[in-house]
Amino acid sequence: RPQEPSFAVKGDKNSVFKVPNNYLPDRYKPIGVTLANRFGAEAEEEIDVKNISLPNLGEITSLGRHENFSLFIPKHRRLAGKLINIFLGMRTVDDLLAVCVYARDNVNPYMFNYCLSVCLLHRQDTRDLDVPSIIHSFPDKYIDSSVFVRAREETSIVPEESRTPIVIPRDYTASDLEEEHRVAYFREDLGINLHHWHWHLVYPFEGAREVVEKNRRGELFYYMHQQVIARYNAERLCNHLRRVERLINLREPIKEAYFPKLDSLVSSRSYPSRVANQVITNINRELDQIQVDIDDMERWRDRIYSAIQQGYVQTESGQQVTLTENEGIDILGNIIESSILSPNQTFYGDYHNIGHIMISYIHDPDHRHLESFGVIGDSTTAMRDPVFYRWHAHIDDIFQEFKATIPSYPVDQLAYQGVTVTSVEVQSQGTQKNRLNTYWQQSDLNLSRGLDFQPRGPVFVRFTHLQHQEFNYRIIVNNQGSARMGTCRIFLAPKFDERGNQLLFRDQKNLFIELDKFSVNLTSGQNTIIRSSTQSSVTIPFDRTFRDWDSSRPQGGDELAQFNFCGCGWPQHMLIPKGTPEGFNCQLFVMISNYANDHIEQDITGTCNDAYSFCGLKDRLYPDRRSMGYPFDRTPRAGVRTLQEFLTPNMRVQDISIFFSNRTVRPRSNNTSNSNNRNQ
Ligand code: CUO
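*Asks:* Hey, could you run me through the overall build of the chain in this one?
*Replies:* The secondary structure content of the chain amounts to 21 helices and 20 strands. The globule rule puts the C-alpha radius of gyration for 680 residues at 26 Å, and the 25 Å found for the chain is close to it. Projected onto its principal axes, the C-alpha positions of the chain cover 80 × 60 × 55 Å. The buried share of the chain, reckoned over its 680 residues, is 61%. Considering only contacts within the chain whose residues lie at least 6 apart along the sequence, 78% involve residues at least 24 apart. Here the chain holds 76 positive side-chain charges and 84 negative ones, and the gap between their average locations is 2 Å.

*Asks:* Is there a simple way to explain empty space enclosed by the protein in this structure?
*Replies:* Rolled over the atoms, a probe with the dimensions of a water molecule shows which regions are left empty. Summed over the entire model, instances satisfying the criterion amount to 10 cavities of 30 Å³ or more. If you add up the space inside the largest cavity, you get close to 200 Å³. Considering the residues around the largest cavity, the lining is formed by 14 residues, among which Arg 170, Tyr 172, Glu 188, Phe 463 and Thr 464 are closest to the centre. Of all the secondary structure elements, the ones that give two or more residues to the lining of the largest cavity are helix H7 (184-187) and strand E12 (460-468). Considering each element in turn, the lining of the largest cavity owes the most residues, four residues, to E12. Looking at side-chain class alone, the lining of the largest cavity contains nine nonpolar, two polar and three charged residues. Considered as a void within the structure, the second largest cavity measures approximately 140 Å³ in volume.

*Asks:* Would you mind showing me how to read the sheet that holds strand E10 (residues 419-428) here?
*Replies:* Neighbouring strands of a sheet are bound in pairs by backbone hydrogen bonds; such pairs are parallel or else antiparallel. Across the sheet, which stays open at both edges, the three strands sit in the order E10-E13-E16 with antiparallel pairing between neighbours. Only two strands of the sheet have a single neighbouring strand rather than two, namely E10 and strand E16 (525-532). When the angles between neighbouring strand axes are averaged without regard to direction, this sheet yields 15°. In terms of strand pairing, strand E13 (residues 471-479) meets E16 through eight bridges, oriented antiparallel. For Asn 479, the partnering residue across the bridge sits in E16 and is Gly 525.

*Asks:* Is there a simple way to think about helix H8 (residues 190-202) in this case?
*Replies:* Each turn of an α-helix holds 3.6 residues, which means side chains three or four residues apart point in the same direction. Taking 1.5 Å per residue, 13 residues should reach 18 Å; H8 reaches 18 Å between its end C-alpha atoms and fits that length. Extensive coverage of H8 is indicated by the burial of 13 of its 13 residues. If you check the start of H8, you find a side-chain oxygen 2.9 Å away from the backbone N of Gly 191, and it comes from Asp 189.

*Asks:* In this structure, what is going on with the packing of helix H10 (residues 217-238) against helix H15 (residues 386-403)? I would like to understand it.
*Replies:* Between two packed helices, the angle of one axis relative to the other and the distance separating the axes together describe the packing. Where H10 meets H15, the closest approach of the two axes is 9 Å, and the angle between their N-to-C directions is 125°. Between H10 and H15, the angle falls in the class oblique. Where H10 crosses over H15, the handedness of that crossing is left-handed. Contacts between H10 and H15 pair Phe 221, Tyr 222, His 225, Gln 226, Val 228, Ile 229 and Tyr 232 from the former with Pro 386, Phe 388, Tyr 389, His 392, Ala 393, Ile 395, Asp 396, Phe 399, Gln 400 and Lys 403 from the latter. Each residue belonging to the contact of H10 with H15 can be placed in one class, and the counts come to 11 nonpolar, four polar and two charged.

*Asks:* Teacher, can you tell me more about the domain arrangement of the chain here?
*Replies:* By domain assignment, the chain separates into domain 1 (15-126) and domain 2 (179-403). Computed from C-alpha coordinates alone, the two centres of domain 1 and domain 2 are separated by 30 Å. Each partner contributes to the interface: domain 1 provides 23 residues, whereas domain 2 provides 31 residues. The largest per-residue losses of area from domain 1 upon contact with domain 2 belong to Asn 68, Phe 72 and Arg 77, which jointly make up 31% of the total buried on that side. If you look at where domain 1 meets domain 2, you find two salt bridges.

*Asks:* I would appreciate a short explanation of helix H6 (residues 146-157) in the present structure.
*Replies:* For H6, with 12 residues, the first-to-last C-alpha span of 17 Å sits near the 16 Å given by 1.5 Å per residue. Buried positions along H6 lie against strand E3 (166-167) and E12.

*Asks:* Looking at this structure, I do not really get the packing of aromatic side chains. What am I missing?
*Replies:* Aromatic ring pairs are described here by two measures, namely the spacing of the ring centres and the angle between the planes. Per the counting criterion, the structure on display carries 36 aromatic pairs. Aromatic ring contacts, followed pair by pair, group Phe 186, Trp 199, Tyr 203, Phe 221, Tyr 222, Tyr 223, Tyr 232, Phe 388, Tyr 389, Phe 399, Trp 570 and Phe 614 into a single cluster. Its end group placed over the ring of Tyr 203, Lys 214 keeps NZ or CZ at 5.7 Å from the ring centre. Positioned above the aromatic ring of Tyr 361 is the side chain of Arg 285, whose terminal nitrogen or guanidinium carbon lies 3.7 Å from the ring centre.

*Asks:* Is there a simple way to explain the pattern of salt bridges in this structure?
*Replies:* Opposite charge on two side chains lets them pair, provided their charged atoms get close. For the coordinates displayed, the defined rule picks out 42 salt bridges. A salt bridge links Arg 236 to Glu 180; the shortest N-O distance between them is 2.8 Å. Residue Arg 236 is located in helix H10, and its partner Glu 180 is located in the loop between E3 and H7; the two are separated by 56 residues in the primary sequence. As far as the burial class goes, Arg 236 and Glu 180 line up, both buried. In this structure, Asp 288 and Arg 285 form a salt bridge, with 2.7 Å as the shortest nitrogen-oxygen distance. In this structure, Asp 288 and Arg 285 share a single accessibility class: buried. Several salt bridges share partner residues, and in doing so they unite Arg 489, Lys 517, Asp 598, Asp 624 and Arg 626 into one network.

*Asks:* Teacher, can you tell me more about the nonpolar core here?
*Replies:* Generally speaking, nonpolar side chains in soluble globular proteins are found buried as a group. Counting 160 residues, the largest nonpolar core has Phe 87, Ile 143 and Phe 589 as the members making the most contacts within it. Tallying contributions element by element places H15 first for this core, with nine residues. The residues that make up this core include at least three from each of domain 1 (15-126) and domain 2 (179-403). Counting 31 residues, the second-largest nonpolar core is a separate cluster that includes Val 426, Cys 488, Ile 490 and Phe 584.

*Asks:* Hey, could you run me through the state of the cysteines in this one?
*Replies:* Here is the idea: a disulfide is a covalent bond, and it sits between the sulfur atoms of two cysteines. Taken as a whole and assessed by the stated rule, the structure comprises one disulfide. Covalent S-S linkage joins Cys 568 and Cys 615, the inter-sulfur distance amounting to 2.1 Å. One quick way to see it: the torsion about the S-S bond of Cys 568 and Cys 615 is about -75°, and its sign makes the bridge left-handed. Here Cys 615 lies in helix H20 (residues 612-615) and Cys 568 lies in the loop between helix H18 (557-565) and strand E18 (570-571), a separation of 47 residues in the sequence. A single burial state applies to Cys 568 and to Cys 615, both of which are buried. Not part of a disulfide, Cys 238 finds its nearest cysteine sulfur in Cys 586, a span of 6.4 Å. Residue classification places Cys 238 among the buried residues on the basis of a relative accessible area of 4%.

Conventions we followed
- Residues numbered from 1 in each chain as written.
- Predicted model: local features only at pLDDT ≥ 70, side-chain atom pairs only at ≥ 80, totals over all residues.
- Heavy atoms only, no water.
- Helix = DSSP H or I, 4+ residues; strand = E, 2+ residues; numbered from the N terminus.
- Rg over C-alpha atoms; globule rule 2.2 N^0.38 Å.
- Buried < 20%, exposed > 50% of the residue type's maximum accessible area, 1.4 Å probe, protein only.
- Contact = heavy atoms within 4.5 Å.
- Lys, Arg positive; Asp, Glu negative; His and termini not counted.
- Charge placed at Lys NZ, Arg CZ, Asp CG, Glu CD.
- 1 Å grid on protein atoms, 1.4 Å probe; cavity = no way out; pocket = protein on both sides within 12 Å on 5 of 7 lines; lining within 4 Å.
- Points joined across faces, edges and corners; volume = space filled by probe spheres on them.
- Nonpolar A, V, L, I, M, F, W, Y, C, P; charged D, E, K, R; others polar.
- Pairing = 2+ DSSP bridges.
- Axes fitted to C-alpha atoms, helices over the stretch in contact; angles between N-to-C directions.
- Expected span 1.5 Å × (residues − 1).
- Polar contact = N/O pair within 3.5 Å; in protein donor to acceptor, adjacent residues only side chain to side chain.
- Parallel < 35°, antiparallel > 145°, perpendicular 65-115°, else oblique.
- Left-handed = near helix turned anticlockwise from the far one by under 90°.
- Domains from an automatic or database assignment.
- Buried area = accessible area lost by both parts, 1.4 Å probe.
- Salt bridge = Lys/Arg side-chain N within 4 Å of Asp/Glu carboxyl O.
- Phe/Tyr/Trp six-rings, centres within 6.5 Å; stacked < 30°, edge-to-face > 60°.
- Lys NZ or Arg CZ within 6 Å of the ring centre and 35° of its normal.
- Core = buried A, V, L, I, M, F, W, Y, C linked by side-chain atoms within 4.5 Å.
- Disulfide = S-S within 2.5 Å.

Now the structure itself:
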């Protein structure tokens, strides 16, 4: 914790680091011996820390220890890049530990956590170390601030064995007077926000080139966020809201308000709120070394649109790089986000990142009130805010503009000769076929590691999230050829628009959410494929989303490295949209594509591939050669107006309904990451 000197409590055993006195911040140096005696007396284990010649942190410490930190702020990400490089450059794990112990109490704690997490994910020799979910280090970024006051009361008064979970109400950021609040359960879902944090941890946009340069990272930026918008739109339609409106005019008042009710425990400040109809203005904040005008944004945007229309981008050195139908999207992803892989940040700017920043400083653009950024200014918290989706709907629209310039898939790039999908069903136990069921679920989470209270011991919060009944897909495929392989692609989309009209393919294709993707062995003749919803290539299970330091996990080696990477993934409990009490009409789409055209030849043994659709595979190529979003990423071929007209025999559509029941299921015994789960 920031207030304490460098004596970290590790695991359930009280362990302390024996810290060389010169590592301590100046404030603690004179009392180093006293502190060592005090914490040493409580310790069950003392861990030696090597006395190395310490690197000069220099500018890294210019971000105060009680300030908020965001990767979207160029200065912050520059400092973080420096710290990551220091961590990655340490020759041995012992040296790394030493420099971490030193840095921990001398740099901004959020930045420290981020840099260390990136380092652990990218160093070969730290594969045995666990990266816990950030919610255990900084619960204040996820949970209503009133919980912490109640937690302090609980820990100081109630003995451990009598403590009960602190219940976080499902509705606490707004009332039903606010229409947008109907989808707060999605925006504020802890698992969704953790996924987003982890995704950006795995795919940083700045830092050492070998850390940033991952296979198709720009395209994955487009695709993962496109899917977020598609999912959000499905939730909106379930809640009788119109699809999200793009934020295309930065000069127009933003009608959506947001009051996050989060307090930073590090800065002891509230995350700023945004009232309705605030207007973005030019930013000039000396502290953050950021000065950017709306004009700059508009110029970058126009240049990006020009590049799309011209079909090529211009590099810093003036060369033209063609935006090809397959690789163009990857280049554009890096330009628009932007990442250091952008071929020309000078000319195309930093459009998406600065958009986050401008919106997040709407309340204090020139820092006259000494306020920090709103939640959209940090990928850890951004998805809570309705405006996040408006901004990303616009960003997605730019990508769609590009997709509209490349050729449609002709039938031979969609069909799989001789393969026919003859039947598709979903089955949830005890219910009619082609019907999915959703409801509220409560879960408990032990947050004690992120709280700095004395005495310690478990502090559970009980939160409510959407849940669905597990189900199976049952797919029958007729193969008129000899035995061969296929890739089964499963998507889901609403059937009707806001006004109850059946969606045209042109619009519906952007609403398809990926549910699963896997390879299948087809024998000659009829094949029946049964697949469980829990096997989804998009999601990770609940206990991995919320894993703690001491959660059950592999003991080390490759398996653990994969486990860390696999903290990235959409939360399983949010796999399907909420539906409605009367049944929300959707269309389930199943396609068996030609494996020979999809497959990437690479060794993936031991590779965790739980959520590869959104997160890729660690240190491997993205395991699907097709463009991300295939077959819905391009405009339809001439003459196709409806989904039915789009289909080739290897595709099939089944109407299904999602029924929501407004009941709340109490916690299951195994649904927390901590074996100490105390259910009532
Ligand atoms: Cu993930 Cu804008 O990229 O938040």
